[in-house]
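# Summary of the model geometry
The chain contents come next:
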Amino acid sequence: MESITLNVEGMTCGSCVKSVIRILENTDGVAKAEVSLENKNAVIEFDAAKTNVAALIKAIEDSGFDASR
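Residues numbered from 1 in each chain as written. Predicted model: local features only at pLDDT ≥ 70, side-chain atom pairs only at ≥ 80, totals over all residues. Heavy atoms only, no water.

In this structure, strand E1 (residues 2-9) lies alongside strand E3 (residues 41-46), joined through 6 bridges in antiparallel fashion. Following the sheet pairing, Glu2 is matched in E3 by Phe46. Pairing geometry for strand E2 (residues 30-36) and E3, over 6 bridges, is antiparallel. Across the sheet, residue Glu34 finds its bridge partner in E3, namely Val43. (Pairing = 2+ DSSP bridges. Helix = DSSP H or I, 4+ residues; strand = E, 2+ residues; numbered from the N terminus.)

Below is the structure:
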């Protein structure tokens, strides 16, 4: 398992946080996602054999938020 912290912009409430968590946890290879509205980030544990950072960023951005390393 690998872990990465991504910056996530565009979240304004707890519902946004839940959406990002749901999106990430439904991404193949993601074991765990912790999202912070206060810190504007997501800490993601994932299996590098099943997904990669670009795919995680794309999943977040496809849901209407901005994500970066």
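Now that the structure has been shown, the text picks up again.
Moving on, we come to the packing of helix H1 (residues 14-25) against helix H2 (residues 53-62). Running from N to C, H1 and H2 cross one another at 140°; their axes reach a closest spacing of 10 Å. With respect to their mutual orientation, H1 and H2 come out oblique. Judged by the sense of rotation from one axis to the other, the crossing of H1 with H2 is right-handed. For the pair H1 and H2, the contacting residues are Val20, Ile23 and Leu24 in the first and Leu56, Ala59 and Ile60 in the second. For the contact of H1 with H2, the residue count by class is 6 nonpolar, no polar and no charged. (Axes fitted to C-alpha atoms, helices over the stretch in contact; angles between N-to-C directions. Parallel < 35°, antiparallel > 145°, perpendicular 65-115°, else oblique. Left-handed = near helix turned anticlockwise from the far one by under 90°. Contact = heavy atoms within 4.5 Å. Nonpolar A, V, L, I, M, F, W, Y, C, P; charged D, E, K, R; others polar.)

Our focus in this paragraph is the environment of Val53. Within the secondary structure, Val53 is located in helix H2. Residues in contact with Val53, not counting those within four places in the same chain, are Ile4, Leu6, Phe46 and Arg69.

This brings us to the pattern of salt bridges. On inspection of all chains with the given rule, the structure shows 2 salt bridges. Across the pair Asp62 and Lys58 runs a salt bridge whose closest N-O atoms are separated by 2.7 Å. One end of the pair, Asp62, and the other, Lys58, are both in helix H2, 4 residues apart, so they sit about a helical turn from each other. The exposed category is assigned to Asp62, whose relative accessible area is 55%. (Salt bridge = Lys/Arg side-chain N within 4 Å of Asp/Glu carboxyl O. Buried < 20%, exposed > 50% of the residue type's maximum accessible area, 1.4 Å probe, protein only.)

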